[in-house]
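What follows is the residue order along each chain.
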Amino acid sequence: MAEAGQDKAPALEAANEFELRVGLSRHVPEMNIRTGLATGEIGFLHSFTTGSAVDGPGIRLVAWLAGCMFRCRFCHNPDTWTLTNGLPVPFERAVEELRTYANGLKVMGGGLTLSGGEPLMQARFVARLFAAAKAMRVHTAIETNGFYAERLSDEELSNIDLVILDMKGFTPAQHERVTGVVDNARVIAFGERLARLKRPMWLRFVLVPGLTDVPGEVAALADYAAGLGVVQRVEVLPFHQMGAFKWARLGLDYDLEATQPPSAQQVAAAIGVFRAAGLDAC
């Protein structure tokens, strides 16, 4: 996927998702940004990587889109919060680049995963790119917080083979504590919508000591996920400090600096809660 509208811009393909990238669209006129978002003619991408084995089944091409409405206290990519930190990529160029990987992705049982940031802040680009991927018979997955899921129609959702739903908290109070956004009703409703549509889903939950390891919250989330009937897998992700340097470089107040990753016992205990609810958890 190549950049548009900038000379000597950083390569869009990143060595890893932890590269700090800022201001890649700062010279794009606001009207162009608005038009691109409304039509899906332009996507604003933080970066993409190839060869991922952890963002859906098989070996995958993963694109991290810029822009997010949440301000998660444990976020390891706060540079993806701002849309203008993403590189502007014309839709046709994105499709052309995907086509170069399509055969290899199919051979390796993988596909295309769109993540972020929050990819559904760019819903038109997402919907169009997934439709193009399905036309190539490429497996599609999206990692999303679900807040803007209503921006996709049921027909557009049918082009997404797997939804990886990032759950930050179950009760509104906990959700606000973690993300700064109190209303998580949209997130809960999205999971229920996926259940009604019988769409496959994975659930991801970041375990942060002193923040998300609240027993009642984990149990409520496990019960909710088990009740949906479409959750194929739960991933408990241990908190880490690999993105802490970004908070410092961006001048952001990072209040988890002293927080240690969870112990193996803490991770196992959280996994056990999901398994006790009848879920396949790891």
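Residues numbered from 1 in each chain as written. Predicted model: local features only at pLDDT ≥ 70, side-chain atom pairs only at ≥ 80, totals over all residues. Heavy atoms only, no water.

Structural notes on the overall build of the protein
Helices and strands together make up the secondary structure of the protein, namely 9 helices and 8 strands. For the protein, the C-alpha radius of gyration of 18 Å lies close to 19 Å, the compact-globule estimate for 282 residues. Overall size of the protein, expressed as C-alpha extent along the three principal axes, is 50 × 40 × 30 Å. The burial tally for the protein puts 52% of its 282 residues in the buried class. Pairs at least 24 apart in sequence give 74% of the contacts found in the protein among residues at least 6 apart. Accessible surface computed for the protein: about 11900 Å², of which carbon and sulfur atoms make up 55%. In the protein, 27 side chains carry a positive charge and 31 a negative one; their mean positions are 4 Å apart. (Helix = DSSP H or I, 4+ residues; strand = E, 2+ residues; numbered from the N terminus. Rg over C-alpha atoms; globule rule 2.2 N^0.38 Å. Buried < 20%, exposed > 50% of the residue type's maximum accessible area, 1.4 Å probe, protein only. Contact = heavy atoms within 4.5 Å. Areas by Shrake-Rupley, 256 points an atom, 1.4 Å probe, with all protein chains shown as cover. Lys, Arg positive; Asp, Glu negative; His and termini not counted. Charge placed at Lys NZ, Arg CZ, Asp CG, Glu CD.)

Some points on the nonpolar core
Formed by 75 residues in total, the largest nonpolar core has its most connected members in Leu 112, Leu 129, Leu 203 and Phe 274. The element best represented in this core is helix 3 (residues 123-135), accounting for 8 residues. What Leu 203 contacts, discounting residues up to four positions off in sequence, is Leu 165, Met 167, Leu 221, Ala 225, Val 231, Arg 233, Val 234, Glu 235 and Phe 274. (Core = buried A, V, L, I, M, F, W, Y, C linked by side-chain atoms within 4.5 Å.)

Side note on the environment of Leu 105
Looking at where Leu 105 falls in the secondary structure, it is placed in helix 2 (residues 91-107). Sequence separation between Leu 105 and Asn 184 is 79 residues; the distance between their C-alpha atoms is 34 Å. Setting aside anything within four residues of it in sequence, one finds Leu 105 in contact with Ile 59, Arg 60, Leu 61, Leu 98, Gly 110, Gly 111, Leu 112 and Val 138.

Topic: the side chain of Lys 168
With respect to the helices, strands and loops of the structure, Lys 168 is situated in the loop between strand 6 (162-166) and helix 5 (172-179). For the buried Lys 168, no salt bridge is present, and the opposite-charge side chain at shortest range is Asp 166, 4.3 Å distant. Beyond its immediate sequence surroundings of up to four residues, Lys 168 is in contact with Phe 70, Cys 72, Phe 74, Asn 145, His 175, Val 178, Thr 179, Phe 205 and Thr 212. (Salt bridge = Lys/Arg side-chain N within 4 Å of Asp/Glu carboxyl O.)

Description of the sheet that holds strand 8 (residues 231-238)
The mixed open sheet is built from 8 strands, whose spatial order is 3-1-2-4-5-6-7-8. Two strands bound the open sheet, and with one partner strand each, they are strand 3 (87-90) and strand 8. Pairwise comparison of adjacent strand axes, ignoring direction, gives a mean angle of 30° for this sheet. Across 4 bridges, the pairing between strand 1 (residues 42-52) and strand 3 is antiparallel. Paired with Gly 43 across the two strands is Val 89, which belongs to strand 3. With respect to the sheet, helix 6 (residues 185-197) is in contact with strand 5 (139-144), strand 6 and strand 7 (201-207), its orientation differing from that of strand 6 by roughly 155°. Where helix 7 (residues 215-228) meets the sheet, it contacts strand 7 and strand 8, and its direction lies at approximately 175° from that of strand 7. (Pairing = 2+ DSSP bridges. Axes fitted to C-alpha atoms, helices over the stretch in contact; angles between N-to-C directions.)

Here's the deal with helix 7
Taking 1.5 Å per residue, 14 residues should reach 20 Å; helix 7 reaches 20 Å between its end C-alpha atoms and fits that length. Those residues of helix 7 not exposed but buried are Glu 217, Val 218, Leu 221, Ala 222, Tyr 224, Ala 225 and Leu 228. Seen along its axis, helix 7 keeps its buried residues to an arc of 165°; they face one direction. Opposite the buried face of helix 7, by more than 90 degrees, sit the exposed residues Pro 215, Asp 223 and Gly 227. (Expected span 1.5 Å × (residues − 1). Arc of directions from axis to C-beta.)

Overview of helix 2
Between its first and last C-alpha atoms helix 2 spans 25 Å; for 17 residues at 1.5 Å apiece the expected length is 24 Å, and the two agree. Turning to helix 2, its buried residues are Phe 91, Ala 94, Val 95, Glu 97, Leu 98, Ala 102 and Leu 105. Buried positions along helix 2 lie against strand 1, strand 2 (60-65), strand 3, strand 4 (111-116) and helix 3. Two residues or fewer past helix 2, Gly 109 is found with a positive phi of approximately 65°.

Here we look at the environment of Ile 164
Along the polypeptide, Ile 164 turns up in strand 6. Between the C-alpha atoms of Ile 164 and Arg 233, which are 69 residues apart in sequence, the distance is 9.3 Å. The residues contacting Ile 164, other than those within four sequence positions of it, are Asp 55, Gly 56, Ile 142, Glu 143, Thr 144, Trp 202 and Arg 204.

Some points on the pairing of strand 6
For strand 6, the buried fraction is high: 5 of the 5 residues fall into the buried class. Residues Leu 162, Ile 164 and Asp 166 of strand 6 are buried on one face, and the alternating residues Val 163 and Leu 165, pointing to the opposite face, are buried as well. Note that strand 5 and strand 6 share 4 bridges and pair parallel. What sits directly across from Ala 141, in strand 6, is Leu 162. Where strand 6 meets strand 7, 4 bridges bridge the pair, whose relative direction is parallel. Within strand 7, the position partnered with Asp 166 by the bridge is Arg 204.

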